[in-house]
Amino acid sequence: MSHSTYSFQLPGLSVRDISVPVPLDWSEPEGETISVFAREVTLNEKSGQDLPLLIFLQGGPGCKGPRPENGPNAWLNEALKTYRVILLDQRGTGRSSPVTGARMEAFSNGEDGAAFLAKFGADSIVRDCEYIRKTVYGGVKWTTLGQSYGGWLTLCYLSLAPEGLKGCLIAGGLAGLEAQADDIYRRTYPRVRAKNEEFAKRYPAAREAANKIADLIAEHNPLLPDGDRLTIRRFQTLGLAFGQKPGFEQVLWMLDEAFDPYAKNGLSETFLSSVMAATSFSATPLFMALHESIYCQKGQNSNWAAERLRGEFPEFSEVARPLLFTGEMMYPWMLSEIRALRPFQAGTEALAKHSFERELYNPSRLAENDVPVAAVVYYDDMYVDAGLSLGTANHVGCLNVWVTNEYEHDGLRESGTVFNRLDTMRRDLSLSVK
């Protein structure tokens, strides 16, 4: 299998697009293939220099790599000063044979769809990375930068193929090595509740507006512009944004323009359009479809953990007031109520009961790890439990951890300080290992 490349220029940047065919199923290398895409980026003034390689492992799951010059990426500006940066579209996303609704509708039953989706997990992504490293870059070791779910990928990489790694940086992504989906959500709901209280304390009028909106939804059953019906539980999912620095204000300004006294349902078109865009999953259907499966290892399934455990936290009920927003929880009703997710329904429902055969993490290998790893744990992280992260840090060799409450989960994107500190920690560890 040969790869293809295409080079071009962006303002200030030299870019090389790389497409590599890989097996859909790494246990059947002669079977069906898919394409995995990566974009190599270098500062123009450093083009042609033999710079070390840094591969970015995007958060998610099911999210493509960042596009240069598209929104704030403070870490990228810093990394380009010393690295050739590789922006990977993980399999199934972006330009890496994207898993679309049309693709999922081609399966005749949910079990076949689930078997397909199961091939897009961390272990497969790591094997894709190793193949690219060996075939495109001649086997040169590289440094990984894992944001959020990218930390899950990093721990899997250290378990499966540490020989390919020069060092690892992890931002808000130290996974609980033995934590199952139930453990995750039993810890997550209280953190989301705390974020709701912080939001209400900062913007008390917004809580009143949310209660009024919920009552209007219950009374009028409004439609969104794409024809989906807006339910209270879909409205509550706006809280997914609360774990990032601008999240409170993103929700605040949606609520700020929510009402239209002349509309039959009392809600403005501006508001309905904003809610549709924020909750549609049209660009990231795999984020929902794969989400709970990232917590499942051999012999495990999630069986809709967030939905089952929601009953333990009645304050998140649709009829409770004050109304609380939910966070990074994926619920089975989304598959029928959200247009972009309907083609994924059968496969994702079957995936929730799918028993995995993979081993994502190798505890003994991680304990003996000698690859320098620098990680930041955001103490108030809404998405990733700091307690589980610190427990993992104690069980991985050659790992230095920085704990901070200065940043939210998106600290890497918001501040170049996060990347620079992690990279310095990693270099210091490299010197001590030598």
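All figures in this text were calculated on a predicted structure; none of them were measured in a lab.

Caption draft 1: Structural detail: the overall build of the protein chain. Counting its secondary structure elements, the protein chain contains 18 helices and nine strands. A compact globule built from 434 residues should have a C-alpha radius of gyration of about 22 Å, and the protein chain, at 22 Å, falls within 12% of that. Taking the principal axes of the C-alpha coordinates as reference, the protein chain spans close to 65 × 50 × 45 Å. The long-range share in the protein chain, meaning contacts at least 24 apart out of those at least 6 apart in sequence, stands at 76%. A total accessible area of about 17,800 Å² is found for the protein chain, and carbon and sulfur atoms account for 49% of it.

Caption draft 2: Representation of the sheet that holds strand S8 (residues 373-378) within the structure. Pairing is mixed in the open sheet, where nine strands are placed in the order S1-S2-S3-S5-S4-S6-S7-S8-S9. The sheet terminates laterally at strand S1 (4-10) and strand S9 (399-404), the two strands that pair on one side only. The average undirected angle you get between the axes of adjacent strands in this sheet is 20°. Alignment of strand S7 (residues 165-171) against S8, held across four bridges, turns out to be parallel. Each bridged residue has a counterpart across the sheet, and for Ala171 the counterpart in S8 is Val376. Sheet strands in contact with helix H4 (residues 122-135) are strand S2 (13-23), strand S3 (33-43), strand S4 (53-57), strand S5 (84-89) and strand S6 (142-147), and its direction is about 115° off that of S2.

Caption draft 3: Representation of the pairing of S9. Two strands pair when backbone bridges link them, and S8 and S9 are joined in this way by six bridges, in the parallel orientation. Each residue of the ladder has a partner; that of Val377, found in S9, is Val403. Handedness of the S8-helix H16 (residues 386-393)-S9 crossover: right-handed.

Caption draft 4: Region of the structure containing helix H10 (residues 269-279). Considered for burial, the residues of H10 that qualify are Phe271, Leu272, Val275 and Thr279. Buried residues in H10, looked at end-on, bunch into an arc of 95°, giving them a common side. Away from its buried face by more than 90 degrees, H10 exposes Glu269 and Ala277. Along its buried surface, H10 packs onto helix H7 (204-220), helix H8 (232-236) and helix H9 (247-256). Trailing H10 by a residue or two, Phe281 shows a phi angle of about 60°, which is positive.

How each quantity is defined
- Residues numbered from 1 in each chain as written.
- Predicted model: local features only at pLDDT ≥ 70, side-chain atom pairs only at ≥ 80, totals over all residues.
- Heavy atoms only, no water.
- Helix = DSSP H or I, 4+ residues; strand = E, 2+ residues; numbered from the N terminus.
- Rg over C-alpha atoms; globule rule 2.2 N^0.38 Å.
- Contact = heavy atoms within 4.5 Å.
- Areas by Shrake-Rupley, 256 points an atom, 1.4 Å probe, with all protein chains shown as cover.
- Pairing = 2+ DSSP bridges.
- Axes fitted to C-alpha atoms, helices over the stretch in contact; angles between N-to-C directions.
- Right-handed = clockwise from strand over helix to strand, strands pointing away.
- Buried < 20%, exposed > 50% of the residue type's maximum accessible area, 1.4 Å probe, protein only.
- Arc of directions from axis to C-beta.

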